[in-house]
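Residues per chain, in single letters:
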Amino acid sequence: MIRVADVVPTTTAEGPGRRYAIWVQGCTIRCDGCFNPHMWSKTGGALRSVGELLARIEAVDVEGITLLGGEPFEQGHALSVLGEAVQRRGLSVMTFTGYDYDHLTGRDAPDEAQALLGATDLLVTGPYVAESPDLVRPWVGSTNQEFHFLTERYGHLQEHLVDLRDRVEVRVAPDGAVAVNGWAGVAQLDDLLEDLGRPVGRGRVR
Ligand code: SF4
């Protein structure tokens, strides 16, 4: 089972191409300035089985999934099972983690870190550092964060990351609730949310 905080079934703001994005619930890293502190608790969100998520992923037209959070490597086993199943279907896996790569491959790595690394094509490592926003590379929040091309799947992007644009997606529900995902600078985001003129859920923003 996977403790899930939120999903966006189709997004072009959370990695290459169209993706099914899964925000997992629970994170012990607790970066200053984290946009998702409501995803820190290990008791929030909802439990979803790998089979249920897989069926939902197969029902939409995407090239892969993106795992963010929350901290995916604190649910490494279940997410590695999901990632392997997704890859067997020809889809890709992108994973964001607040841990550094050396930590994930060292002796104090979280349980099943190797399994999730093995089920990930494109990895972004490192905590969010609010004082060092990254406004150049796509998808990442701060300049300390590193891309790792763990398979050939996205190797062609390695030299062209800065040519890719960041995106912010705004969704308006029938009840008027507004949700935002993707990445933008804090000032840009505040301008956008102020212009919308209504309560906005910022929970999906990295
Ligand atoms: S930015 Fe990510 S790693 Fe850092 S506290 Fe928030 S959810 Fe955890």
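Quick caveat: nothing in here was measured; it's all calculated off a predicted structure.

*Asks:* Just to check I follow, could you spell out unusual backbone geometry for this structure?
*Replies:* A negative phi holds for most residues other than glycine; trans holds for most peptide bonds. Residue Gly70 is reached from Gly69 by a cis peptide bond, and omega for that bond is 10 degrees. With respect to the helices and strands, Gly70 occurs in the loop between β4 (64-69) and α2 (76-88). Phi is positive for Arg30, close to 60 degrees, though the residue is something other than glycine. Despite not being glycine, Trp139 has its phi angle at roughly 75 degrees, a positive value. Topologically, Trp139 is positioned in the loop between β6 (122-125) and β7 (146-149). For Trp139, a relative accessible area of 5% translates into the label buried.

*Asks:* Help me out: how do you make sense of the packing of helix α1 (residues 50-58) against α2 in this one?
*Replies:* Axis angle and axis distance: for two packed helices, these are the angle between their axes and the distance between the axes, and together they describe the pair. Packing of α1 against α2 brings their axes to within 10 Å, and their N-to-C directions diverge by 35 degrees. Crossing of α1 against α2: the hand is right-handed. Residues Val50, Leu53, Leu54 and Ile57 of α1 form the contact with α2, whose participating residues are Ala78, Val81, Leu82, Ala85 and Val86. When grouped by side-chain class, the residues that make up the contact of α1 with α2 number nine nonpolar, no polar and no charged.

Rules used in this analysis
Residues numbered from 1 in each chain as written. Predicted model: local features only at pLDDT ≥ 70, side-chain atom pairs only at ≥ 80, totals over all residues. Heavy atoms only, no water. Helix = DSSP H or I, 4+ residues; strand = E, 2+ residues; numbered from the N terminus. Buried < 20%, exposed > 50% of the residue type's maximum accessible area, 1.4 Å probe, protein only. Axes fitted to C-alpha atoms, helices over the stretch in contact; angles between N-to-C directions. Left-handed = near helix turned anticlockwise from the far one by under 90°. Contact = heavy atoms within 4.5 Å. Nonpolar A, V, L, I, M, F, W, Y, C, P; charged D, E, K, R; others polar.

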